[in-house]
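Understanding the architecture of this molecule
The lines below spell out each chain.
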Amino acid sequence: MGAVQMYLISLCSSKMKRLLKKYISQINFDLQIEIDESSAPFIIRLNDDDLGFFFVESLQQQCPHTDKQLGSFNELTFFGSDVFHGATKTYETLLDLFPCQGRTCIAEDVCDDIQKVIEWTNTLSPELTDFTVEIQDNVTEDHYSYVIKSLEQLHSVNIHLNSKQYFSTVDIDMKGKRFLVYHAEWVTLDHLLKFDGVVMCFGSSLGVKMTDKEMNTFLKTYIQNETSGNLEYMSLAVDRHMDKNAVLDGLVWSEVEEEDVRMIGKYGVLHDETNKNGLRIVMKNREICYVRVINCKDGRGVLLIFNWKDEVFKPFPLLRLPYVALQHVIKSMKLMGAFNLSLCSPTLRHFVKFFFKSGTIKLLIDITGYIVFRLKASNESLCLFEICKHPEILERCMKMKIGNASRIPLDYHDSRVLRTFWRDLIKGATEVYTQISELFNIHFENLIVKKNDTIDYGSVVDWITGINVPIKDVHFGRGTVDDTLYSQIINSKNFQKCIIHQTPSENFKSPEFRFTDAHVNWEVYNAHWITLENLSDIGSSCLILKNLRLTNQEVNLFLRTLITGKFPNLEMIEIRLNRRDISQTAIMDGITDLENAEVNRDVRPFHRYGWRLNVENSVDVRMATGETCSFLFHNDENGLLLGITVVIPNSNLF
Amino acid sequence: MSVENAPVVDVDEAAIPVEKKMYYRFESNDKKEFRVSELAIQQSETLNRLVEAMGYTSEDVENKPAIAIENIDGKTLKLVFQWCEHHKGEAIPVDDGSVPKIVEIPEFDAKLMDIDNGLLFKLIWAADYLNIVQLLNVSCKKVANMAQGKTPAQLRRVYLLPSDEEDEAAKRAAQEAQDPRAREVEEEFEERKRQGGNSFF
């Protein structure tokens with residue numbers, strides 16, 4: 001049944017009207033009033049379908065028998081001496097019968113007196129929800145201005161401006177209004193800064209022509225409360241995709257938590273929108289606003305700003321706490337929190353440094369395709385700083401100053417992982433390392449370096465060797481390496497325990513190189529470059545050398561020197577040669593008579609310097625110092641000798 | 001306010017031992033009165049010493065005026081005594097000096113501290129003033145947790161921290177306020193330098 005039939009039935013009796021109202025009370029209708037030169041048709045809509053048309057016309061066109069005229073089955077015309085008076089009565093009658101959520105008036109500017117229409121709509125009860133004015137092409141500036149000024153007299157209604165024509169010189173203020181502009185190519189940054197509306201939606205048909213930088217300027221100005229304080233919702237559409245970084249540049253925001261997600265649900269505009277996936281920003285006046293930058297599949301972009309006005313941020317005045325409480329707060333912070341706090345001001349940096357000096361923080365660095373700094377506190381709390389290569393496109397990243405480097409993009413992988421993005425990874429590593437090493441009582445525990453094409457290895461080695469602090473445990477991964485860099489690594493005095501898998505060139509030699517007491521515990525996997533001369537003096541405590549190119553005689557000579565006690569620091573050495581034709585007799589010549597030597601079959605562990613060796617089936621040899629050392633021979637499955645381990649003295653075996 | 005009308009901190013009756021316990025009366029700076037058990041008071045080193053020094057008997061507690069706590073308002077004191085009653089009898093933790101400190105916030109404490117930042121600030125002040133170690137620990141931990149996942153710029157907002165410029169300006173203002181003569185001397189020195197004088201004296 002159409003709306004006209006329903007209306008006519010309601011006229012039959014009050015009982016019928018009551019029944020009808022009861023029946024349709026759960027249905028949401030929309031009422032649309034279209035005003036043009038001749039008449040005001042009222043259209044009742046349900047789900048975008050026209051259910052009926054009700055016209056209001058002047059008495060001149062009334063037929064002699066009735067004040068109502070039935071046109072077709074879904075049209076009804078009312079007549080009156082005053083069209084607006086008739087329209088008011090019709091509006092009230094229809095709303096009495098049909099529950100209408102949306103009550104829209106659409107007026108064309110050609111109707112002579114828009115002012116009169118607006119005055120009329122302001123008298124309606126219940127109020128209209130939307131008022132649309134359609135301005136025709138080729139209007140004069142005066143007329144355009146007249147229409148706009150008239151619109152500013154509307155109260156509590158969404159004002160829709162549908163006009164391809166515009167005059168940017170016309171002063172538009174829209175103080176406290178809800179203003180929706182379909183063709184918005186005329187809207188400039190100056191307009192936005194001047195508008196004083198509550199809801200401002202621009203460009204649903206034709207977008208604004210503003211640049212990302214201008215949008216950024218507007219956002220910054222809004223957040224600083226230097227624009228209208230009325231704005232609650234804004235949608236700003238552009239006919240292109242936006243660069244999110246440019247739009248959000250310099251803003252301080254956080255992601256919207258699930259519990260903070262809200263629907264607009266007010267004024268009937270942007271009703272499908274929420275702040276989900278948006279950014280939460282604290283404004284200067286401590287109101288919270290939410291910003292979304294959306295690039296749509298159709299090539300358009302939209303900037304959304306929501307401010308519910310009821311969310312106010314209340315800061316915690318940290319620096320006004322008593323000193324003891326401030327100390328408690330900072331000491332209770334996780335490492336990442338304390339680090340970030342230290343970047344806020346020199347005073348806070350001083351506090352963090354002072355309060356954290358009593359704790360020992362272990363530092364572990366992994367260098368692979370990117371650089372990871374792991375900080376580990378004694379209570380096992382952990383935080384990671386990732387120094388990543390700056391990708392070509394980096395969206396929605398905040399920026400901050402780290403050391404001497406400004407505007408470094410960063411994000412939090414989770415609350416314990418801070419990822420910073422650098423054009424030069426080594427510069428990033430240097431800045432971050434400087435910051436954390438100055439701030440915390442750092443104990444540089446572990447360094448793992450794996451050669452990777454994404455990082456300039458020379459710079460890595462320069463940086464590592466340039467840090468110039470003792471590192472407890474260093475691991476260089478597999479791969480060939482430039483001889484100069486290899487030389488830099490083996491000559492570093494800062495690597496206490498070091499495992500080097502790297503391979504220098506076949507011809508690499510370093511005649512001056514000696515294992516000093518700085519090379520406490522070293523494991524060299526590709527030791528083909530080591531000569532007897534390199535082993536003529538050893539200050540190390542533990543050495544494992546693999547793939548050595550020594551002859552039997554050279555090994556023998558070295559072992560003979562060893563048992564003289566020439567290397568007082570040395571407690572364990574393992575020598576593995578690059579061949580399997582080693583003569584056990586030749587290398588032990590003059591050291592012990594293997595045929596008659598007693599084999600010690602006990603399992604004696606060597607648990608020092610992190611090693612857990614089980615020395616078994618070894619031969620004990622008396623040294624010139626009077627101490628005894630143990631020789632352990634390594635054979636393959638065929639009984640061929642691969643190498644030898646010597647533990648000196650064997651009192652280190654338990 | 002009469003003793004009968006004084007607001008009393010909720011106490012779990014079942015938890016009260018059969019033998020008669022002494023309940024002290026305290027008054028906040030806005031004249032709100034609280035009755036707090038002897039055992040709960042032990043959580044506060046300051047109050048514990050105070051009542052020990054006073055040496056009140058049960059009769060004194062009822063007959064003498066409530067002990068005034070001048071620096072704390074009723075709303076804050078209510079939270080403090082609620083906390084003390086809930087944690088009465090618990091050992092007072094000793095700081096082991098580890099950094100970062102590990103502090104777990106129990107469910108009761110988390111609910112108690114589900115308050116706005118202004119009141120939380122007062123609660124920390126009170127915990128510090130009354131020397132309630134564990135309340136200070138948990139309340140400060142709650143403030144420390146606000147820093148999680150925040151950038152320095154965000155922390156400035158969260159903790160109402162001055163920017164670098166504001167910090168510098170405040171320092172300058174403080175220096176000037178502290179020693180106006182020093183400023184005058186400095187200005188005079190600058191003036192002489194501009195005039196090309198080599199010696200100040």
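These figures come from a predicted structure and were not determined experimentally.

Considerations on the overall build of chain B
Looking only at helices and strands, chain B features 10 helices and three strands. Going from the N terminus to the C terminus, chain B shows its helices and strands as β-β-α-α-α-β-α-α-α-α-α-α-α. Residue burial in chain B is summarised as follows: out of 201 residues, 38% are buried. The contacts of chain B with a sequence gap of at least 6 include a subset with a gap of at least 24, amounting to 66%. Carbon and sulfur atoms form 50% of the exposed surface of chain B, whose accessible area is close to 11,500 Å².

Topic: empty space enclosed by the protein
Under the criterion given, the structure shown has four cavities of 30 Å³ or more. The space that makes up the largest cavity amounts to roughly 80 Å³. Looking at the largest cavity, it is lined by 14 residues, and the ones nearest its centre are K334(A), G337(A), A147(B), Q148(B) and G149(B). Among the secondary structure elements, those contributing two or more residues to the lining of the largest cavity are α10 (335–342) of chain A together with α7 (133–145) of chain B. The space that makes up the second largest cavity amounts to roughly 60 Å³. Residues that form the lining of the second largest cavity fall into these classes: seven nonpolar, three polar and no charged.

What to know about the sheet that holds strand β3 (residues 67–68) of chain B
One open sheet holds the three strands; their spatial order is β2-β1-β3 (chain B), and the pairing between them is mixed. Two strands lie at the open edges of the sheet, namely β2 (33–37) and β3 of chain B, each paired on one side alone.

Some details on the nonpolar core
Ranked by size, the top nonpolar core spans 171 residues in total, and within it F373(A), F440(A), F631(A) and Y159(B) carry the most contacts. The residues contacting F440(A), other than those within four sequence positions of it, are L335(A), A338(A), F339(A), V352(A), F356(A), I361(A) and L375(A). Listed in part, the 81 residues of the second largest apolar core include I35(A), Y91(A), V147(A) and W253(A).

A word on the side chain of E523(A)
Residue and element names in this part refer to chain A. Structurally, E523 is set in strand β25 (residues 521–524). No salt bridge is formed by the buried E523; its nearest oppositely charged neighbour, K546, is found at 4.3 Å. Ignoring anything within four residues of it in the chain, the contact list for E523 reads C498, I499, I500, I544, K546 and W611.

Here's the deal with the environment of L136(B)
Tracing the backbone shows L136(B) in helix α7. Classification of L136(B) as buried rests on a relative accessible area of 5%. Linking L136(B) and E45(B), residues 91 residues apart in sequence, is a C-alpha distance of 12 Å. Contacts of L136(B), omitting those with residues within four sequence positions, involve V324(A), A325(A), H328(A), I124(B), A127(B) and D128(B).

Structural notes on the pairing of strand β6 (residues 100–108) of chain A
Residue and element names in this part refer to chain A. Most of β6 sits inside the fold, with seven of its nine residues counted as buried. Note: strand β1 (residues 29–35) against β6, seven bridges, orientation parallel. Across the sheet, the residue bridging to F29 is C100, located in β6. Looking at chain direction, β6 and strand β7 (residues 130–135) are connected through five bridges and run parallel. Bridge pairing in β7 links E108 to E134.

Conventions we followed
- Residues numbered from 1 in each chain as written.
- Chains lettered and ligands numbered in written order.
- Predicted model: local features only at pLDDT ≥ 70, side-chain atom pairs only at ≥ 80, totals over all residues.
- Heavy atoms only, no water.
- Helix = DSSP H or I, 4+ residues; strand = E, 2+ residues; numbered from the N terminus.
- Buried < 20%, exposed > 50% of the residue type's maximum accessible area, 1.4 Å probe, protein only.
- Contact = heavy atoms within 4.5 Å.
- Areas by Shrake-Rupley, 256 points an atom, 1.4 Å probe, with all protein chains shown as cover.
- 1 Å grid on protein atoms, 1.4 Å probe; cavity = no way out; pocket = protein on both sides within 12 Å on 5 of 7 lines; lining within 4 Å.
- Points joined across faces, edges and corners; volume = space filled by probe spheres on them.
- Nonpolar A, V, L, I, M, F, W, Y, C, P; charged D, E, K, R; others polar.
- Pairing = 2+ DSSP bridges.
- Core = buried A, V, L, I, M, F, W, Y, C linked by side-chain atoms within 4.5 Å.
- Lys, Arg positive; Asp, Glu negative; His and termini not counted.
- Salt bridge = Lys/Arg side-chain N within 4 Å of Asp/Glu carboxyl O.

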